[in-house]
Every structure is written in C-alpha cells, then in structure tokens.
Amino acid sequence: MHLFSAMFLLVMLAVSPCEALYPSPEEGWQIYSSAQDADGKCICTVVAPAQNMCNRDPRSRQLRQLMEKVQNISQSMEVLDLRTYRDLQYVRNTESLMKEVDGKLKVASESPRSLNPKGFQELKDKVTQLLPLLPVLEQYKTDAKMILRLREEVRNLSLVLMAIQEEMGAYDYEELRQRVLLLETRLHSCMQKLGCGKLTGVSNPITVRASGSRFGSWMTDTMIPSSDNRVWSMDGYFKGRRVLEYRTMNDFMKGQNFVQHLLPHPWAGTGHVVYNGSLYYNKYQSNIIIKYHFRSRSVLVQRSLSGAGYNNTFPYSWGGSSDIDLMADENGLWAVYTTIPNAGNIVISRLEPQSLEVQQTWDTGFPKRSAGESFMICGTLYVTNSHLAGAKIYFAYYTNTSSYEYTDIPFHNQYSHISMMDYNPRERVLYTWNNGHQVLYNVTLFQVIKTSGD
C-alpha cells in the first residue's frame, strides 16, 4: 500500500453519539480535513450540529470529553510511531559511521601523538557528518516524555470509562454501542462528499528522508484519481537533467529500486510537477515549459509562457531561478510567475495539460520577490512570507472570485531553508525540500457539507 494513499478508512470523532443521531435535513456537519496517519489513511474531524436536549445530559458531556481525549491520544501515537520508525532507520544508517568515529577517538585518546593534522581533519569531518544526529536524539528525549504522558492519560481514561459504564449499566452501554455503529455508517456516507475546502492549518513536519543538496524538488503524481505510487526526485536548481524515479515511497525512503531519466533539456528552478505520468518543468534560461513523458522518455510538447520572467528576473525570495513555478491541484494544472507589465507581482495562469496553452490568467497584486514559496489548493493560491525559519502562510488569492485576503497560518520550518513547497491533491499533503531534507506536511481544510435526513 502506498504510504500516503488517500483512503478514508479511519474516522476520528469530535462529537458524542447522541448528538449525531437526529440531525434535521436543514442542518449541516462541519468537516475538517485532512490529516494522514502512518498508514496513509485520511483522518477527518467531524463536528455535528449540537442538540440542546442531548447537551443537557451529563453522561453525553463526559463521553464527548472522553472521545476528544481518545482522538488526541490516537493521533499522537500515530505520529510518534511514524517518527520513531523514521528516526530509527536514520540511526541505523549512521551506525557504521558512529563505530568508525568511536574507534578513531579511542586511538586518539590512547595515543595523542599518533594524530597528525590530516588525521585530525578526517576525524573532524566524520564528527561533522554526525551532527544531524543531534536533533534526532533530542527528539527521542521529547518522545520519551510523550510516552509517559500518554500512558498516564490512558490510565485516567480507563478509570473514567469504568465509572461511566457502572453508571449507565449493561443495557445503556449496548445502546450506546449501537449508536456509535450508526454514527460511523453516517460518517462514511458523509465523507464520500468530501471535496474542496479552505486551508485552516498545517501539521508538524514529517521528515521522510535526508538526501541531495540544499536545493531540489521531489514529488508524486498529482493526477486524481491515480494508482501510480512512483516518487521522483530532482536535485538542484541549476542546469540539472537527471531525474530519479523510485517505485514506491518506501523505496524512496530507503534510496533503493530507482531508475534514472536524463532529460533532453536542462531545467531551471525547483517548480516542477508530475501530472498524469508526465513531468512539467521550466527549460533552463528560457520561459519555455516542457512536458516530458516518463514512460516513452520523450518530450510531448513545449511552449513559451508569454511574457514570463526567467533566469532570476522574478524569483521567490530565495532566488534559485525560481521564476516559473508549475503546480497542480483539484482543478488542474497551473503556472505561477510574473511579468514586467505586472510590475513583478505574482501572476496565476491555468494551463491546458495537453497543449500547455493558457486558459485563464489572474494578477494577484502580491510581489513575487516577497514570497518564500507558494502552492495551489482548490483553486486558491497560498503564499508564504519567507523561505527561512519563522515563515508562515501569509496571503491567499481565490481564483473563483478573483479576490484575496491576508492570512496567518503558521508552520514549522524545521531545517530553515525551503526551496520547494507543493500541494498534492491526491494525497492532500504538502511536499517540501528543506535544506537537503524531503519533508511532508499534512493540511487541514475546512468545509460545511449539507446532509440529507436519512
């Protein structure tokens, strides 16, 4: 199974069963989505309309609080499991290096005179390679505290649940179980209607791998629907031509089972996107967009993006020939760039995937050099105010209404230099390249879905 396949299999409830049983046709459920657990299942938080009669029942209030705690514990354990697995793999990969450094340090401590300048420099270089282990070990210490806290919370939950069960009796408990089953059925039906929404939050970062140089891009196919689990990696932003293709996300994490594509034309920047089996990228020192088909290993079409700046004329704040940024969302293929007539402000164009012709264009009014990165979700362009630590999602432009607003959505820039940030609508995650680390963020979208009174 693809590590981040978007399957709606796990439902995290933020309501009591009593509240969700009797919604009228006019009432709506507020749907928050989506985050993903370690198995790639979509975790949705669903808040149903409140029922006054039910809210007056103290047992309902207790159960609601209990289920909210279970939700928090479950999500924390899923994140902890994924992070522990990832960090353990990283520690194992550096085990041989640690043994080598340990051996050299023992020799140096026993016989200091045997350490010549060349040997000292080699030892220093080896120790430098181990520096990335420090944040991993710090995370282990934090996780150990989290485990103790979770254990205490589970013990408290057990006591509360036993007290509620004694109060309600066997008959009421069975009735409650039936209500929960009915609620789950209704939620599964409701979740089939999940579509686009407004970005309200970004999760903590999930580091998938540390590889490559400071700048680069990595991605999976953004086409909906798709069963293609391949992962592509493109290291660097300047005159690159080598694309690595991995069979699965697990292979990418381990750096195995990959093939190489040598592009006929070099790329510029990191704003590449894979859409329906083809790579769309900006040709080096030009405003030409190229569509390269992976299976046939050939260029299907190339077209100039009229008036678009290139070669660091209008890049993002980090530079790197990031003038033209290609991306995809639920609504199709997009190009984000700017032109001289637009005075350096970000321009959005929807592209026809087959011909690369521009279908429609919007001028956002936001200066591109003030943007760290940007990405599209459901036809809305979200722009960060920096590529460095402390960055946040600061601006949103809605193509459906040709309007904008300033936002304040924080996210943790763990490695302090993001050179690529793109949304994948199939998996509902953000892919980022952060200072030689390939990182994922889950996103939370908000929408209100009207239900039929079944």
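The structure reproduced in this document is the subject of the present report. Please read all numbers here as calculations on a predicted model, not as lab measurements.

About the cut-offs
- Residues numbered from 1 in each chain as written.
- Predicted model: local features only at pLDDT ≥ 70, side-chain atom pairs only at ≥ 80, totals over all residues.
- Heavy atoms only, no water.
- Helix = DSSP H or I, 4+ residues; strand = E, 2+ residues; numbered from the N terminus.
- Buried < 20%, exposed > 50% of the residue type's maximum accessible area, 1.4 Å probe, protein only.
- Contact = heavy atoms within 4.5 Å.
- Areas by Shrake-Rupley, 256 points an atom, 1.4 Å probe, with all protein chains shown as cover.
- Expected span 1.5 Å × (residues − 1).
- Arc of directions from axis to C-beta.
- Salt bridge = Lys/Arg side-chain N within 4 Å of Asp/Glu carboxyl O.
- Disulfide = S-S within 2.5 Å.
- Pairing = 2+ DSSP bridges.
- Axes fitted to C-alpha atoms, helices over the stretch in contact; angles between N-to-C directions.
- Phe/Tyr/Trp six-rings, centres within 6.5 Å; stacked < 30°, edge-to-face > 60°.
- Lys NZ or Arg CZ within 6 Å of the ring centre and 35° of its normal.
- Core = buried A, V, L, I, M, F, W, Y, C linked by side-chain atoms within 4.5 Å.
- Lys, Arg positive; Asp, Glu negative; His and termini not counted.

Helix and strand counts for the protein chain come out as 7 helices and 24 strands. Buried residues in the protein chain amount to 49% of all 454 residues. A fraction of 60% describes how many contacts in the protein chain between residues 6 or more apart in sequence connect residues 24 or more apart. Accessible surface, the protein chain: about 21,600 Å² in total, of which carbon and sulfur atoms supply 53%.

Okay, helix 4 (residues 95-110) next. Its 16 residues give helix 4 an end-to-end C-alpha distance of 23 Å, which sits within 8% of 22 Å, the value for a rise of 1.5 Å per residue. Of the residues making up helix 4, those classed as buried are Leu97, Val101 and Ala108. Buried residues of helix 4, viewed axially, fall in a sector of 30°; they line one side. Pointing more than 90 degrees away from the buried face of helix 4 are the exposed residues Ser96, Lys99 and Glu110. At its buried positions, helix 4 is contacted by helix 5 (117-130).

All right, on to the pattern of salt bridges then. Under the counting rule described, the total for this entry stands at 7 salt bridges. Note that glutamate 245 is salt-bridged to arginine 230, the shortest N-O span being 3.3 Å. Of this pair, glutamate 245 sits in strand 8 (residues 238-246) while arginine 230 sits in the loop between strand 6 (216-220) and strand 7 (231-235); the two residues are 15 residues apart in sequence, bridging distant segments of the chain. For glutamate 245, a relative accessible area of 12% gives the class buried.

Attention shifts here to the state of the cysteines. Counted by the stated rule, this structure contains 1 disulfide. With its sulfur 2.4 Å from that of its partner, cysteine 196 forms a disulfide with cysteine 378. Measuring handedness by torsion sign, the sulfur bridge of cysteine 196 and cysteine 378 sits at about -95° and is left-handed. Taken together, the residues span a long stretch of sequence, with cysteine 196 in the loop between helix 6 (133-191) and strand 4 (198-202) and cysteine 378 in the loop between strand 18 (374-377) and strand 19 (380-384) at a distance of 182 residues.

Right, let's get into helix 5. A rise of 1.5 Å per residue sets the reference length of helix 5, with its 14 residues, at 20 Å; its end C-alpha atoms lie 20 Å apart and thus fit the reference within 8%. Listed in full, the buried residues belonging to helix 5 are Gly119, Leu123 and Leu130. Taken end-on, helix 5 shows its buried residues confined to a sector of 35°, consistent with a single buried face. In helix 5, the exposed residues that point more than 90 degrees away from the buried face are Pro117 and Lys118.

It is worth spelling out the sheet that holds strand 8 at this point. Read from one edge of the open sheet, 4 strands run 6-7-8-9, paired in antiparallel fashion. This sheet does not close on itself; its edge strands, each paired only once, are strand 6 and strand 9 (258-268). Strand-to-strand twist across the sheet, computed as the mean angle between neighbouring axes with direction ignored, equals 20°.

If you walk across this open sheet you meet the 4 strands as 18-19-20-21, and the pairing is antiparallel. The open sheet is flanked by strand 18 and strand 21 (403-410), the only strands paired with a single partner. Within this sheet the neighbouring strands show an average axis-to-axis angle of 25°, counted without direction. Direction of pairing for strand 18 relative to strand 19: antiparallel, over a ladder of 4 bridges. Residue pairing across strands places phenylalanine 375 opposite tyrosine 382, the latter belonging to strand 19.

This next bit is on the packing of aromatic side chains. The tally for this structure, following the rule as stated, stands at 20 aromatic pairs. Ring centres of phenylalanine 395 and tyrosine 406 lie 5.5 Å apart, and the angle between their planes is 65°; on these two criteria the pair is classed as edge-to-face. With phenylalanine 395 in strand 20 (residues 392-398) and tyrosine 406 in strand 21, the pair connects residues that are 11 residues apart, well separated along the chain. Of the aromatic side chains, those joined through ring pairs into one cluster are Trp218, Tyr246, Phe252, Phe258 and Tyr431. Between arginine 209 and the ring centre of phenylalanine 252, over which it is positioned, the NZ or CZ distance is 5.1 Å. Lysine 368 extends its terminal NZ or CZ atom over the ring of tyrosine 316, reaching a point 3.8 Å from the ring centre.

Looking now at the nonpolar core. Core analysis: the largest hydrophobic core is formed by 21 residues, its most contacted members being Leu199, Phe375, Ile377, Ile393 and Phe411. Of all elements in the fold, only strand 4, strand 18, strand 20, strand 22 (418-424) and strand 24 (437-450) reach the threshold of two or more residues within this core. Here this core takes 4 residues from strand 24, the largest share from any one element.

Looking now at the side chain of serine 278. Position of serine 278 relative to the elements: it lies in strand 11 (residues 278-282). With residues up to four places along the chain from it excluded, the contact list for serine 278 reads Val273, Lys291, Tyr292, His293, Phe294 and Leu300.

Another aspect to go through is the environment of glycine 201. Following the sequence through the fold, glycine 201 ends up in strand 4. Judged by its relative accessible area of 16%, glycine 201 falls in the buried class. Sequence separation between glycine 201 and threonine 444 is 243 residues; the distance between their C-alpha atoms is 4.9 Å. Filtering out sequence-adjacent residues up to four positions away, glycine 201 remains in contact with Ile409, Asn442, Val443 and Thr444.

Next up on the list: the side chain of lysine 368. Turning to its location among the elements, lysine 368 is positioned in the loop between strand 17 (358-367) and strand 18. Among buried charged residues, lysine 368 stands out as having no salt bridge; its nearest opposite-charge side chain is aspartate 323, 6.1 Å away. Each residue touching lysine 368, except ones within four places of it in the same chain, is listed here: Phe314, Pro315, Tyr316, Ser317, Ser322, Asp323, Val336, Tyr337, Thr338, Gly344, Asn345 and Ile346.

This part takes up the pairing of strand 19. In terms of burial, strand 19 is a largely internal element, 5 of the 5 residues being buried. Side chains Thr380, Tyr382 and Thr384 of strand 19 all project onto a buried face; the interleaved residues Leu381 and Val383 project onto the opposite face, where all are buried too. Counted between consecutive antiparallel strands, the loop separating strand 18 from strand 19 contains 2 residues, among which cysteine 378 sits at a positive phi close to 55°.

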